[in-house]
Amino acid sequence: MRDTVQIHVTADLPIRVRALTYANRAEVRFGKAFPVVLLVDSAAIAVLRRELELVSAALDAAAARDLSGEEPPEATN
């Protein structure tokens, strides 16, 4: 049995966000009929935002390299 849930988020996937003020967290719903829900504690919102910005920058850099024909750097963790 897998210990993770994977969803493929695309531009046309409905995403709805709302603040759960009574629980001091945000709820992010992906999809309509059978949504996947991500609950994010308020203290983790900044961390999630930063990580998404970092991966967005990495994807933008990779796309720019693809357009320029440069060799990609080695992947590191």
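Use the structure listed above.
Residues numbered from 1 in each chain as written. Predicted model: local features only at pLDDT ≥ 70, side-chain atom pairs only at ≥ 80, totals over all residues. Heavy atoms only, no water.

### Some thoughts on the overall build of the protein
Argument step 1. Helix and strand counts for the protein stand at 1 helix and 3 strands.
Argument step 2. Along the chain direction, N to C, the helices and strands of the protein fall in the order β-β-β-α.
Argument step 3. Counting only residues that meet the buried cut, the protein has 10% of its 77 residues in that class.
Argument step 4. For the protein, restricting intrachain contacts to residue pairs at least 6 apart in sequence, the fraction spanning at least 24 positions comes to 2%.
Argument step 5. Summed over its atoms, the accessible surface of the protein is roughly 6800 Å², and 58% of this surface lies on carbon and sulfur atoms. (Helix = DSSP H or I, 4+ residues; strand = E, 2+ residues; numbered from the N terminus. Buried < 20%, exposed > 50% of the residue type's maximum accessible area, 1.4 Å probe, protein only. Contact = heavy atoms within 4.5 Å. Areas by Shrake-Rupley, 256 points an atom, 1.4 Å probe, with all protein chains shown as cover.)

### Quick notes on the pairing of strand β1 (residues 15-20)
Argument step 1. Judged from the 6 bridges that link them, β1 and strand β2 (residues 25-30) form a sheet pairing that is antiparallel. Counted as the bridge partner of arginine 16 is arginine 29 from β2.
Argument step 2. Here β1 hands over to β2 after 4 residues, with asparagine 24 in that stretch at a positive phi of 55 degrees. (Pairing = 2+ DSSP bridges.)

### Some words on the sheet that holds β2
Argument step 1. The sheet built from 3 strands is open, its strands ordered β1-β2-β3 with antiparallel pairing. With partners counted over all chains shown, the strands left at the sheet margins are β1 and β3 (36-41), one partner each. Mean inter-strand twist for the sheet, computed between neighbouring axes without regard to direction, equals 20 degrees. (Axes fitted to C-alpha atoms, helices over the stretch in contact; angles between N-to-C directions.)

### Describing the pattern of salt bridges
Argument step 1. If you walk through the whole model with that rule in mind, you get 3 salt bridges.
Argument step 2. A salt bridge links glutamate 27 to arginine 29, with the nearest nitrogen and oxygen atoms 3.0 Å apart.
Argument step 3. According to the relative accessible area criterion, arginine 29 is partly exposed, its value standing at 27%. (Salt bridge = Lys/Arg side-chain N within 4 Å of Asp/Glu carboxyl O.)

### Remarks on helix α1 (residues 42-68)
Argument step 1. The end-to-end C-alpha distance of α1, which contains 27 residues, comes to 40 Å, matching closely the 39 Å that a straight helix rising 1.5 Å per residue would cover.
Argument step 2. Among the residues trailing α1, glycine 69 stands out with phi positive, at a value near 85 degrees. (Expected span 1.5 Å × (residues − 1).)

### Topic: the pairing of β2
Argument step 1. In this sheet, β3 lies alongside β2 in antiparallel orientation, the contact comprising 6 bridges. Paired with alanine 26 across the two strands is valine 40, which belongs to β3.
Argument step 2. Between the end of β2 and the start of β3, which pair antiparallel, lie 5 residues, with glycine 31 showing a positive phi angle near 95 degrees.

### Notes on unusual backbone geometry
Argument step 1. With phi around 55 degrees, asparagine 24 is a residue other than glycine that occupies positive phi space.
Argument step 2. For asparagine 24, the location among the structural elements is in the loop between β1 and β2.

In short, the description is geometric, and any link to function would need to be established separately.
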